[in-house]
Amino acid sequence: MKIHEYQAKDIFASYGIPVPAGRVAFTPDEAAAIAAELGGKAVVKAQVHVGGRGKAGGVKLATTPEDAREKASQILGMDIKGLTVQKVLVSQAVDIAQEYYLGLTMDRDARKLVLILSASGGVDIEEVAAKTPEKIAKVHIDPLIGLQEFQLKRAIFRSGVDVSKAKEIKGIIRKLFTCYLAIDASLAEINPLVVTKAGEVIALDAKINIDDNALYRQPELEKLLEVGADMDAIEAEAYHKGIAYVHLSGGNIGVMGNGAGLVMTTMDVISRAGGKPNNFLDIGGAATTEVVENELMLILKDPDVKGIFLNVFGGIVRCDMVAEGI
């Protein structure tokens with residue numbers, strides 16, 4: 001589950017990570033009022049569940065409340081990678097001296113968490129990894145042991161960040177690690193983590209993805225889910241009905257099976273044969289006739305679907321029920 005930058009910053013702040021002051025606005029007038037509260041100079045940032053907002057023109061500096069109103073009117077309603085901007089974050093402007101990258105995520109190959117720190121912040125970390133991989137420090141963290149002091153030092157010295165700010169950066173990393181575990185995140189990212197001209201270390205941006213499978217124990221965070229914000233109409237309907245469905249653009253073969261591994265393997269087989277899967281749909285192990293019927297109708301709602309490939313393993317679900325549903 002993705003959440004917006006302003007929501008991620010609120011979470012970071014609750015764990016003691018310093019963030020710039022700011023609030024979300026839904027209209028240009030609200031943006032102007034917030035900018036006035038912040039002293040006039042502010043940054044107006046589009047709030048959509050996608051990266052690359054700055055490159056798309058979704059992040060603008062405003063020098064006065066009137067300018068913030070104008071910038072907000074330009075950003076609200078924008079289309080950024082297929083998503084319409086419906087709100088903006090009006091945030092306190094910061095005089096930046098240095099920009100770093102800091103992130104925590106899961107390395108599934110290593111079966112460990114990985115701390116990523118780089119002195120090259122403010123750009124996509126994938127771009128840094130491709131062009132200057134030596135500027136990225138990666139430190140794996142054993143989940144049974146947790147974050148250790150030597151790992152913090154290793155990340156600081158390997159990354160090339162200003163060692164005079166090591167104490168502040170280590171403090172933020174510790175708080176980010178605590179936050180990451182507590183909210184069942186799959187990604188917690190600060191890009192950029194900045195050192196201001198006044199010497200403060202601040203999380204200027206914030207990105208958090210939360211593990212969908214852990215939402216049952218994160219009821220407050222589940223309330224932040226915006227169905228339809230980063231999913232199409234069919235996916236939104238599937239979510240409301242509790243159906244495990246993911247739409248794939250450009251495909252024309254609907255896919256239905258029972259068990260995530262079986263469905264994904266079926267998609268691979270279709271692709272290898274030259275076909276293009278339209279969706280992933282797992283009916284699960286307790287599917288009834290009615291459930292199968294509803295799920296087939298869901299697949300058929302996409303006019304691009306020209307055929308449906310069903311792969312059902314009889315040891316998990318009764319095949320006569322599947323047949324009746326079809």
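Shown above is the structure to which this text applies.
Below is a short write-up of the structure. For clarity, every value in this text was computed on a predicted model and none was experimentally measured. (Residues numbered from 1 in each chain as written. Predicted model: local features only at pLDDT ≥ 70, side-chain atom pairs only at ≥ 80, totals over all residues. Heavy atoms only, no water.)

### Things to note about the overall build of the protein
Just so we agree on the cut-off: Strands here mean DSSP runs of E at least two residues long; helices mean DSSP runs of H or I at least four residues long; both are numbered from the N terminus. For each residue, the accessible area found with a 1.4 Å probe, counting protein chains only, is set against the maximum for its type, and the residue is called buried under 20%, exposed over 50%, and partly exposed in between. To measure how exposed things are, a 1.4 Å probe is used in the Shrake-Rupley method; for residues, cover is taken only from the protein chains shown.
When helices and strands are counted, the protein shows 11 helices and 16 strands. Overall size of the protein, expressed as C-alpha extent along the three principal axes, is 70 × 50 × 35 Å. By the burial criterion, 44% of the 326 residues in the protein qualify as buried. Carbon and sulfur atoms form 53% of the exposed surface of the protein, whose accessible area is close to 16300 Å².

### Some thoughts on the sheet that holds strand 6 (residues 88–92)
Test applied: Paired strands are those between which DSSP finds at least two bridges. For helices, the fitted axis covers only the stretch in contact; all axes are lines through C-alpha atoms, and the angles between them, taken along N-to-C directions, range from 0 to 180 degrees. It only takes one pair of heavy atoms within 4.5 Å for two residues to be counted as in contact.
Read from one edge of the open sheet, four strands run 1-6-2-3, paired in antiparallel fashion. Each edge of the open sheet carries a strand with a single partner, namely strand 1 (22–25) and strand 3 (59–62). Going across the sheet, the axis of each strand differs from the next one's by a mean of 20°, ignoring polarity. The strands that helix 1 (residues 5–14) touches are strand 1, strand 2 (42–46) and strand 6; relative to strand 6, the one it contacts most, it runs at about 45°. In the packing of helix 2 (residues 28–37) onto the sheet, contacts are made with strand 1, strand 2 and strand 6, and the angle to strand 1 comes to roughly 170°.

### Here we look at the nonpolar core
Basically, it comes down to this: In plain words, nonpolar cores are sets of buried Ala, Val, Leu, Ile, Met, Phe, Trp, Tyr and Cys residues tied together by side-chain atoms within 4.5 Å.
Membership of the largest hydrophobic core comes to 40 residues, with the highest contact counts inside it found for Leu102, Ile169, Ile190 and Ile208. Examining the composition of this core, we find that eight residues originate from one element, helix 6 (residues 166–182), more than from any other. Contact partners of Leu102, with chain neighbours within four places excluded, come to Leu115, Ile116, Leu117, Ile172, Ile173, Leu176, Ala188, Glu189, Ile190 and Leu193.

### Describing the pattern of salt bridges
Between side chains of opposite charge, pairing is possible as soon as their charged atoms come close. Formally: A carboxyl oxygen of Asp or Glu within 4 Å of a side-chain nitrogen of Lys or Arg is what we treat as a salt bridge.
A full pass over the atoms with the stated rule returns 19 salt bridges. Residue Arg23 is joined to Glu37 by a salt bridge in which the shortest nitrogen-to-oxygen separation is 2.9 Å. Of the two residues, Arg23 sits in strand 1 while Glu37 sits in helix 2, which places them 14 residues apart along the sequence. Judged by its relative accessible area of 41%, Arg23 is partly exposed. Since its relative accessible area comes to 56%, Glu37 is described here as exposed. Linking Asp67 and Lys71 is a salt bridge whose minimum nitrogen-to-oxygen distance equals 2.6 Å. Linking Asp67 with Lys71, this pair stays in helix 3 (residues 65–75), spanning four residues, or about one helical turn. For the pair shown, Asp67 and Lys71 are each scored as buried. One network of salt bridges, with partners in common, ties together Glu5, Lys9, Lys45, Arg53 and Asp205.

### Description of helix 10 (residues 289–300)
Stated formally: Given a helix with a known number of residues, its expected span is that number minus one, times 1.5 Å. The directions from the helix axis to the C-beta atoms form the arc being described.
Helix length check: helix 10 (12 residues) gives 17 Å between terminal C-alpha atoms against 16 Å at 1.5 Å per residue, within 8%. Inspection of helix 10 places Val292, Glu295, Leu296, Leu298 and Ile299 among the buried residues, and these make up the whole buried set. Along the axis of helix 10, the buried residues cluster in a sector spanning 155°; they form a single face. Lining the buried residues of helix 10 we find helix 8 (233–241), strand 13 (244–247), strand 14 (253–257), strand 15 (279–282), strand 16 (307–311) and helix 11 (319–325).

### Re the pairing of strand 10 (residues 185–196)
With respect to burial, strand 10 is a largely interior element, 11 of its 12 residues being buried. Across eight bridges, strand 7 (residues 96–107) lies against strand 10 in antiparallel orientation. The partner of Glu99 across the bridge, within strand 10, is Val194. Judged from the four bridges that link them, strand 10 and strand 12 (residues 207–210) form a sheet pairing that is antiparallel. Within strand 12, the residue paired with Ala188 across the bridge is Ile208. In this sheet, strand 11 (residues 201–203) lies alongside strand 10 in antiparallel orientation, the contact comprising three bridges. In the sheet register, Leu193 faces strand 11, and the bridge partner there is Ala203. Between the antiparallel neighbours strand 10 and strand 11 lie four residues, among them Gly199 with a positive phi of about 95°.

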